[in-house]
Amino acid sequence: RIARCIRIWRSLGEEPFTYDVKQQHKRGTTTFIVCAPDSRGLFSKIAGVMAANNANIVSASIFTTLDGTALDIYQVTDPRTAGPITDEAKWDAILIDLGHVLRGEESVEALVARKRPPSILAPRTGPRRPVRVEFDNDASDFYTVIDIDARDRVGLLYQITHTLMELDLGIYVSRIQTKGDKVDDVFYVKD
């Protein structure tokens, strides 16, 4: 995985982004690695493109190199099958939309408004769990840690990251995990 990430990073050049897609049939996900020059709201833009194309992000790890390059690793699923995204046309649409957004040809907000279908994750029965948001300024010397526990739905990560971007909070480290219908997302942010 490290060697793949280095190859993707080295191939960036002057492109708005480079990527790699690998099916993980045993894990039931698709690994989507994106490398791009870091910019304000990059994580939110990628999450928005995925939401607009009805791709569910079940986990994510984001990294920024010292030279200002973002390397984001996503585990995504198709909400219709709860498995890997194997439809090439869907990947083509994701990559085209991501190019438009990262080149500034369309805002992620406009893309989401234009394309985003309603979530097709099965509605959950049983008692609703309240959303829990915790802030911790003591866990890190440099960041505020925001821990969010909520019920999963397509586009939730985009809504969270977009809100953080609108609040002018930079996301420097993130851990996104989904287990069943529960998400536990942690963001290390700075003003």
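Attention in this report is confined to the structure presented alongside it. (Residues numbered from 1 in each chain as written. Predicted model: local features only at pLDDT ≥ 70, side-chain atom pairs only at ≥ 80, totals over all residues. Heavy atoms only, no water.)

**A few points about the packing of helix 2 (residues 42-52) against helix 4 (residues 108-115)**
Packing of helix 2 against helix 4 leaves a shortest axis separation of 9 Å and a crossing angle of 15°. Between helix 2 and helix 4, the angle falls in the class roughly parallel. Two packed elements cross with a definite hand, and for helix 2 against helix 4 that hand is left-handed. Contact residues: Ser44, Lys45, Gly48, Val49 and Ala52 in helix 2; Val108, Leu111, Val112 and Lys115 in helix 4. Considering only residue class, the contact of helix 2 with helix 4 consists of 5 nonpolar, 2 polar and 2 charged. (Axes fitted to C-alpha atoms, helices over the stretch in contact; angles between N-to-C directions. Helix = DSSP H or I, 4+ residues; strand = E, 2+ residues; numbered from the N terminus. Parallel < 35°, antiparallel > 145°, perpendicular 65-115°, else oblique. Left-handed = near helix turned anticlockwise from the far one by under 90°. Contact = heavy atoms within 4.5 Å. Nonpolar A, V, L, I, M, F, W, Y, C, P; charged D, E, K, R; others polar.)

**Re the sheet that holds strand 5 (residues 132-136)**
Within the open sheet, the 8 strands sit side by side as 1-2-4-3-7-8-6-5. Their pairing is antiparallel. The open sheet has two edge strands, strand 1 (18-24) and strand 5, and neither has a second partner. When the angles between neighbouring strand axes are averaged without regard to direction, this sheet yields 15°. Pairing of strand 3 (residues 56-64) with strand 4 (residues 69-77) involves 8 bridges; the strand directions are antiparallel. Paired with isoleucine 57 across the two strands is valine 76, which belongs to strand 4. Along the sheet, helix 2 makes contact with strand 2 (29-37), strand 3, strand 4, strand 7 (170-179) and strand 8 (182-190), crossing strand 4 at roughly 25°. With respect to the sheet, helix 3 (residues 88-102) is in contact with strand 1, strand 2 and strand 4, its orientation differing from that of strand 2 by roughly 20°. (Pairing = 2+ DSSP bridges.)

**Looking at the pairing of strand 1**
Here strand 1 runs beside strand 2; their pairing, made up of 7 bridges, is antiparallel. Within the sheet, the bridge partner assigned to valine 21 lies in strand 2 and is phenylalanine 32. Here strand 1 folds back onto strand 2 in antiparallel fashion, the turn holding 4 residues, of which glycine 28 has a positive phi close to 80°.

**With respect to the side chain of glutamine 75**
Along the chain, glutamine 75 turns up in strand 4. At 2.9 Å, the side chain of glutamine 75 forms a polar contact with the side chain of threonine 31. (Polar contact = N/O pair within 3.5 Å; in protein donor to acceptor, adjacent residues only side chain to side chain.)

**Brief notes about the pattern of salt bridges**
Considering all chains together, one arrives at 11 salt bridges under this definition. The partner of aspartate 97 in a salt bridge is lysine 115, and the shortest N-O contact between them spans 2.6 Å. On the criterion of sequence distance, the pair formed by aspartate 97 in helix 3 and lysine 115 in helix 4 is long-range, its members being 18 residues apart. Its relative accessible area of 27% is what places lysine 115 among the partly exposed residues. One network of salt bridges, in which partners are shared, links Arg132, Glu134, Asp147, Asp149 and Lys182. (Salt bridge = Lys/Arg side-chain N within 4 Å of Asp/Glu carboxyl O. Buried < 20%, exposed > 50% of the residue type's maximum accessible area, 1.4 Å probe, protein only.)

**Some words on the packing of aromatic side chains**
Taken as a whole, this structure holds 8 aromatic pairs when the rule is applied. Measuring from centroid to centroid gives 6.5 Å for phenylalanine 142 and tyrosine 143, while their planes differ by 70°, and the two rings are edge-to-face. Of the residues examined, phenylalanine 142 reaches a relative accessible area of 61% and is grouped as exposed. According to the relative accessible area criterion, tyrosine 143 is partly exposed, its value standing at 22%. Note on tyrosine 143 and tyrosine 188: the rings are 6.1 Å apart at their centroids and 85° apart in plane angle, and the pair reads as edge-to-face. Separated by 45 residues along the polypeptide, tyrosine 143 in the loop between strand 5 and strand 6 (144-151) and tyrosine 188 in strand 8 bring together distant segments of the chain. Connected via pairs of aromatic rings, a cluster forms that spans Phe32, Phe43, Tyr74, Trp91 and Phe187. Just above the ring of tyrosine 172 sits the side chain of lysine 190; from NZ or CZ to the centre is 5.5 Å. (Phe/Tyr/Trp six-rings, centres within 6.5 Å; stacked < 30°, edge-to-face > 60°. Lys NZ or Arg CZ within 6 Å of the ring centre and 35° of its normal.)

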